[in-house]
Amino acid sequence: MTAAQARPVLKVAVEEWVPWTKVVTETNGALRIEGPMANLLDILSSVLNFDYEFMRPVDRVWGGPDANGSWNGLLGLLQRREVELAVGPFGVTNQRETVCDFSDAFYSENNAILMVRPTLQNDMAGFAKPFANEVWLLTLVSLVTMVVVMARVATAEASLYNTRNRNSLAKAAIWGLKAFTQEGSEWLPPHDAGRMLVTTWLLASLVFMSSYSGILTAMLTVPRVTIPIDSLADLVAQKDLPWRLEAGSMMFQYFQEAEDGVRRNVFTGTSGTFQDCWAARQDIAEGRYAAICDRTTMKKAMSWDFSTSGRCHLYISRENVYSNVQIAMAFQINSTYRERSNRIIHAVKESGILNRWIGAQITNTSQCLRPPTADRSEAIAALSIQSMGGSFLVLVGGLAAGTAVFFLEAVVPRM
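About the criteria used
Residues numbered from 1 in each chain as written. Predicted model: local features only at pLDDT ≥ 70, side-chain atom pairs only at ≥ 80, totals over all residues. Heavy atoms only, no water. Phe/Tyr/Trp six-rings, centres within 6.5 Å; stacked < 30°, edge-to-face > 60°. Helix = DSSP H or I, 4+ residues; strand = E, 2+ residues; numbered from the N terminus. Buried < 20%, exposed > 50% of the residue type's maximum accessible area, 1.4 Å probe, protein only. Lys NZ or Arg CZ within 6 Å of the ring centre and 35° of its normal. Patch = residues over 30% accessible without salt bridge, like charges linked within 9 Å, V, L, I, M, F, W, Y side chains within 5 Å. Areas by Shrake-Rupley, 256 points an atom, 1.4 Å probe, with all protein chains shown as cover. Salt bridge = Lys/Arg side-chain N within 4 Å of Asp/Glu carboxyl O. Pairing = 2+ DSSP bridges. Contact = heavy atoms within 4.5 Å. Expected span 1.5 Å × (residues − 1). Core = buried A, V, L, I, M, F, W, Y, C linked by side-chain atoms within 4.5 Å. Disulfide = S-S within 2.5 Å.

Points about the packing of aromatic side chains
Item 1. Under the definition given, this model contains 21 aromatic pairs.
Item 2. Between F274 and Y289 the ring centres are 6.1 Å apart and the planes differ by 20°, which places this aromatic pair in the stacked class. Of this pair, F274 sits in strand β9 (residues 273-274) while Y289 sits in the loop between α9 (281-285) and β10 (290-294); the two residues are 15 residues apart in sequence, bridging distant segments of the chain.
Item 3. By relative accessible area, Y289 is classed as buried at 4%.
Item 4. An aromatic cluster of at least three residues, connected via ring pairs, comprises W17, W20, W62, F90, F102, F106 and Y107.
Item 5. Residue placement shows R281 over the ring face of W304; its charged tip is 4.5 Å from the ring centre.
Item 6. For R340, the ring lying beneath its charged end belongs to Y337, and the centroid distance is 4.9 Å.

With respect to a nonpolar patch on the surface
Item 1. Taken together, the side chains of L140, V144, V148 and L169 make up a nonpolar region of the molecular surface, amounting to roughly 350 Å² of accessible area.
Item 2. Tracing the backbone through its elements, the reader meets L140 in helix α3 (residues 133-161).

Examining the pattern of salt bridges
Item 1. Here the structure, examined in full by the defined rule, presents 11 salt bridges.
Item 2. One salt bridge connects R263 with D260, and the closest N-O pair in it is separated by 2.3 Å.
Item 3. In this structure D260 comes out as partly exposed when scored by relative accessible area, which is 30%.
Item 4. Its salt-bridge partner being R338, residue E339 comes within 2.7 Å of it at the nearest N-O pair.
Item 5. Residue classification places E339 among the partly exposed residues on the basis of a relative accessible area of 48%.
Item 6. Put simply, E15, R56 and R60 are held in one network by salt bridges that share partners.

Focus: the pairing of β10
Item 1. The buried fraction of β10 is high, at five of five residues.
Item 2. Alternating positions in β10 separate into two faces, A290, I292 and D294 on one and A291 and C293 on the other, with burial throughout.
Item 3. Inspection of the sheet shows strand β7 (residues 107-116) paired to β10 by four bridges, in the antiparallel sense. By the bridge assignment for β10, A112 is matched with C293.
Item 4. By the bridge criterion, two bridges tie strand β8 (residues 243-246) to β10 in an arrangement that is parallel. Looking across to β10, one finds that R244 is bridged to A291.

Things to note about the environment of D283
Item 1. With respect to the element layout, D283 can be found in helix α9.
Item 2. Note on D283: relative accessible area 24%, which makes it partly exposed.
Item 3. Note: C-alpha distance between D283 and R244 (39 residues apart in sequence) is 11 Å.
Item 4. Non-local contacts of D283, meaning those with residues more than four positions away in its chain, are made with R288 and Y289.

Concerning helix α11 (residues 338-350)
Item 1. Given a rise of 1.5 Å per residue, 13 residues ought to cover 18 Å, and the 18 Å separating the end C-alpha atoms of α11 matches this to within 8%.
Item 2. Check the buried side of α11 and you find it contacts α1 (36-48), β12 (322-331) and α12 (353-361).
Item 3. Of the residues flanking the end of α11, it is G352, one or two places downstream, whose phi is positive at about 85°.

Observations concerning the nonpolar core
Soluble globular proteins: nonpolar side chains tend toward being buried together.
Item 1. Ranked by size, the top nonpolar core spans 64 residues in total, and within it I113, F255, I292 and M329 carry the most contacts.
Item 2. If sequence neighbours within four positions are ignored, I113 has contacts with I229, S231, L232, L235, A290, A291, I292, M298, Y315, I316, S317 and V321.
Item 3. Core analysis: the second largest hydrophobic core is formed by 18 residues, L143, A151, W175 and M209 among them.

Comments concerning α1
Item 1. Taking 1.5 Å per residue, 13 residues should reach 18 Å; α1 reaches 18 Å between its end C-alpha atoms and fits that length.
Item 2. Among all positions in α1, only P36, M37, A38, L40, L41, L44, S45 and L48 are buried.
Item 3. Looking one or two residues beyond α1, the residue adopting positive phi is N49, at roughly 60°.

Brief notes about unusual backbone geometry
Item 1. A cis amide bond links V18 with the next residue in sequence, P19, at an omega value of 10°.
Item 2. Note on placement: P19 falls in the loop between β1 (9-13) and β2 (22-25).
Item 3. We note that N334 has phi near 65°; this positive angle belongs to a residue other than glycine.
Item 4. Looking at the element boundaries, N334 is found in the loop between β12 and α11.
Item 5. Taking the relative accessible area as the measure of exposure, N334 reaches 66% and is therefore exposed.

Notes on the environment of L393
Item 1. Examined against the element boundaries, L393 turns out to sit in helix α13 (residues 385-411).
Item 2. Considering only alpha carbons, one finds L393 and M124, 269 residues apart in sequence, at a separation of 8.9 Å.

Describing the state of the cysteines
Item 1. A complete count under the given rule lists two disulfides for this structure.
Item 2. What pairs with C277 in a disulfide is C293, and their sulfur atoms sit 2.1 Å apart. Its torsion about the S-S bond being -100°, the disulfide of C277 and C293 is classed as left-handed. On the criterion of sequence distance, the pair formed by C277 in the loop between β9 and α9 and C293 in strand β10 is long-range, its members being 16 residues apart.
Item 3. The disulfide partner of C312 is C368, and the S-S distance across this bridge is 2.1 Å. Across the disulfide from C312 to C368, rotation about the S-S bond amounts to roughly -85°, and the bridge is consequently left-handed.

So this is what it looks like as structure tokens:
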């Protein structure tokens, strides 16, 4: 081969971002990559007539500015002109464009929160959950008010009509509770005003108890899952699950520079960093921490999870943390390869080949992208002891209270 025919050998910086780029180290120490970016790089190499060799940053990060103004990671290699291009791909930011030239964007990415998947829950206090605490309080106030007013009205009517009236408060209390629980009662106020109150309370009790029984039946029949984290506000408001950021990533810089309350709290409240979302997938699935990742990688992690275990252990928040991140390759500033590469990148993108490459990396995700309530295969299942445990505890408490009252009744007259 003559000198004129020799292909230049470009140094290319790489780091792992599955599914875009997977770095493989051969037994002889040589590096190679797999994934869509490997396919794209091979096309660029063939059309633009160059060979390449890979370099990997020592710190294994994408890159950010150090205190002295220099950059680390992949972008540091570009800034020092140690490589011609970095495969990445990278999220394009104004700050990063000060140390490299990006190719035209070929993908738009969204970032969200990846965490352990919420599971179906059984709540021993579930029998009290059909109504909010305020509703229960107002109902109790209504019951007490109705009993007191009914007793006073019955006493007043007995005095007005010169009829016998004994223990009106006790009788009104027992009647009010029986009506509330839809039981029959022999006692009724003997006159019109009291019976008007009876009619009103019967109607209110019917509406209340019918609503309660219907809602409780639905809650016990339909699986219920509490999603503790579905947004950044949820993330910083809870204390049960720590969270981490990807070291040297665009999102790390984004939250580090944030000044508003919630985003600033994300950075100050972080429990550390991790290498990358793909490498951290097992820790996240085991519930050790939540992570802020791109949706493509999260879907790849879900695909791996379902393919290896046959179950879904990961959950992606519905709300995006950051939307429409433009994804591109990075070149040295004023690189002669950038413009020629853009024409090839456009052709690959517009032909749909790039989306096909990505789609081939992400399979078996449809089951895990469904809401956690869909994890139970049967629409209706037998209720467990945990689901009904609260009701049994109330029963036990009532029996204990009744027994205590009985012994008091037996003991007090003898004292």
